[in-house]
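# Report on the structure
Residue strings, one per chain:
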Amino acid sequence: MAAYEKRRAAAAPVPAGVSGLPEPGRTAPGGGGLAEGSAAEFLLRAGVTAMVREALLKVLEARPAEPVSFLAEYFERLVLAEAAAEPPGPPQRLARALWYVCLAHHSHRTAFDSNAGAAYEVLGCGGRRRAAGVDGRLYSELLRRICQRGAAPAEAAAELLRRVRCRDHEAVPFDVFRYGVLTCCVLLEFAAKADALFAVLGAGDSADTRLCQAVLRALEDALCTGHGSRPGRYLEAGSRLGPDRLALAMDQALQERKLSSSMSREEFLRKATALFIAKVKPVE
């Protein structure tokens, strides 16, 4: 893993002066006899300049709510990776891969793909008794951990994993790896948006069943309007479910002259996420 970080850092060297560090050969202001160039050259020679630049790029890509805490965790993991005498075991590699795939939102395509590539390489580094490469067991476990980070119903997460999983002994290509990771991330956001939608329908943990069913039908229609197999498009389709369309569906439901029961938040989320899962293309 240390080799991966060094390769990425070395790929984008920072010229002296551009990074804000003094150029070699300049004398330090205020005398003292120490050339500023010696400090800049030391940082460049030790790889600190490139390392800090890489860390700042990660902050700009992820745009975390707490940048300082983000940087602290980033450098802590970097130190732990450097200190390891040999490639870490599966639990450590899974934790680091999970950290990578959660660095940037999936809508930031370039950053997300870069982080997915880093996670893939972390999981694929070989130990003493195994060849390099990501197997189905580590891939499936990473997806399971991603799904645990959100409020998606357990049934929806389990069904999604069945659709995108690979056999434990299979070698997982990167395009399959990225597709599975991306789909799990989109499921979590879809569930969060469905939960926010339910909050509009009723107070607390229940809402009128007629309203819920009307919204679910409108959501299903929205999901059916798009074309293609990109997971994110289903999230975009749900986002196009505008206030006017929702209001019309809810008004029509309330005009039905019949008694209605209530639907729980859990049931609504299960049905909403089931609509999303039904659109996910299984891994062949």
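Residues numbered from 1 in each chain as written. Predicted model: local features only at pLDDT ≥ 70, side-chain atom pairs only at ≥ 80, totals over all residues. Heavy atoms only, no water.

### Here we look at the overall build of the chain
Of the regular secondary structure elements, the chain holds 13 helices and 2 strands. Residues classed as buried in the chain amount to 39% of the 284 residues present. Sequence-distant contacts, at least 24 apart, represent 72% of the contacts inside the chain between residues at least 6 apart. Surface summary for the chain: the accessible area is close to 15400 Å², and the carbon and sulfur share equals 56%. (Helix = DSSP H or I, 4+ residues; strand = E, 2+ residues; numbered from the N terminus. Buried < 20%, exposed > 50% of the residue type's maximum accessible area, 1.4 Å probe, protein only. Contact = heavy atoms within 4.5 Å. Areas by Shrake-Rupley, 256 points an atom, 1.4 Å probe, with all protein chains shown as cover.)

### Side note on the packing of helix α7 (residues 136-147) against helix α9 (residues 174-201)
Direction vectors running N to C along α7 and α9 enclose 15°, while the axes themselves pass 9 Å from each other. Looking at the two axes, α7 sits roughly parallel to α9. The handedness of the crossing between α7 and α9 is right-handed. On the side of α7, the interface is formed by Y139, L142, L143, I146 and C147, while α9 contributes V176, F177, G180, V181, C184, C185 and L188. Split into classes, the residues belonging to the contact of α7 with α9 amount to 11 nonpolar, 1 polar and no charged. (Axes fitted to C-alpha atoms, helices over the stretch in contact; angles between N-to-C directions. Parallel < 35°, antiparallel > 145°, perpendicular 65-115°, else oblique. Left-handed = near helix turned anticlockwise from the far one by under 90°. Nonpolar A, V, L, I, M, F, W, Y, C, P; charged D, E, K, R; others polar.)

### As for the pattern of salt bridges
Opposite charge on two side chains makes pairing possible when the charged atoms of those side chains draw close. One pass over the full model with this rule turns up 11 salt bridges. For R144, the salt bridge identified is with E141, shortest N-O distance 2.4 Å. Residue R144 and its partner E141 are both found in helix α7; the two are separated by 3 residues, about one turn of the helix. Given a relative accessible area of 34%, R144 falls into the partly exposed group. (Salt bridge = Lys/Arg side-chain N within 4 Å of Asp/Glu carboxyl O.)

### Topic: the confidence of the model for the chain
Averaged over every residue, the pLDDT of the chain is 75; residues scoring 70 or more account for 68%. No element of the chain has a lower mean pLDDT than helix α1 (residues 2-10), at 46, and none a higher one than α7, at 94. In the model, residues 1-34 has pLDDT below 50 throughout and makes 50 contacts with residues more than four positions away in sequence or in other chains. (pLDDT = per-residue confidence, 0-100.)

### Section: the packing of aromatic side chains
Inspection of the entire model under this criterion finds 8 aromatic pairs. Ring geometry for Y120 against F174: centres 5.4 Å apart, planes inclined by 80°, an arrangement best described as edge-to-face. Residue Y120 is found in helix α6 (residues 109-124), and its partner F174 is found in helix α9; the two are separated by 54 residues along the sequence. Looking at Y120, the relative accessible area reads 23%, which means it is partly exposed. For F174, a relative accessible area of 32% corresponds to the partly exposed category. Aromatic ring contacts, followed pair by pair, group Y120, Y139, F174 and F177 into a single cluster. (Phe/Tyr/Trp six-rings, centres within 6.5 Å; stacked < 30°, edge-to-face > 60°.)

### Describing the nonpolar core
One finds Y139, L142, L143, I146, F177, V181 and F268 to be the most contacted residues of the largest nonpolar core, which totals 63 residues. Here this core gets 16 residues from one element, more than from any other, and that element is α9. If sequence neighbours within four positions are ignored, V181 has contacts with V101, F112, L142, L143 and I146. (Core = buried A, V, L, I, M, F, W, Y, C linked by side-chain atoms within 4.5 Å.)

### Quick word on the environment of L56
Relative to the helices and strands, L56 resides in helix α3 (residues 48-62). In the structure, L56 is positioned 15 residues away from L71 in sequence and 8.2 Å away in space, judged by C-alpha atoms.

### Considerations on a nonpolar patch on the surface
Judged by side-chain polarity, V48, V52 and L56 come together as a nonpolar surface patch covering roughly 210 Å² of accessible area. Structurally, the position occupied by V48 is in helix α3. For V48, a relative accessible area of 31% corresponds to the partly exposed category. (Patch = residues over 30% accessible without salt bridge, like charges linked within 9 Å, V, L, I, M, F, W, Y side chains within 5 Å.)

### Digging into helix α10 (residues 209-223)
Relative to the 21 Å expected for 15 residues at 1.5 Å per residue, α10 spans 21 Å between its end C-alpha atoms, a close match to the ideal helical length. Taking burial as the measure, the 15 residues of α10 include 11 buried ones, the bulk of the element. The set of residues buried in α10 consists of T209, R210, L211, C212, A214, V215, L216, A218, L219, A222 and L223. (Expected span 1.5 Å × (residues − 1).)

### As for the packing of helix α8 (residues 154-164) against α9
At a closest axis distance of 10 Å, the pairing of α8 and α9 adopts a crossing angle of 160°. Taken as axis vectors, α8 and α9 run roughly antiparallel relative to one another. The chirality of how α8 crosses α9 is right-handed. Contact residues: α8 offers A156, A157, L160, L161 and V164, while α9 offers Y179, G180, T183, C184 and L187. Here the contact of α8 with α9 is composed, by residue class, of 8 nonpolar, 2 polar and no charged.

### A word on α6
With 16 residues, α6 extends 22 Å between its outermost C-alpha atoms, agreeing within 8% with the 22 Å of an ideal straight helix rising 1.5 Å per residue. A111, F112, N115, A116, A118, A119, V122, L123 and G124 are the residues of α6 that are buried.

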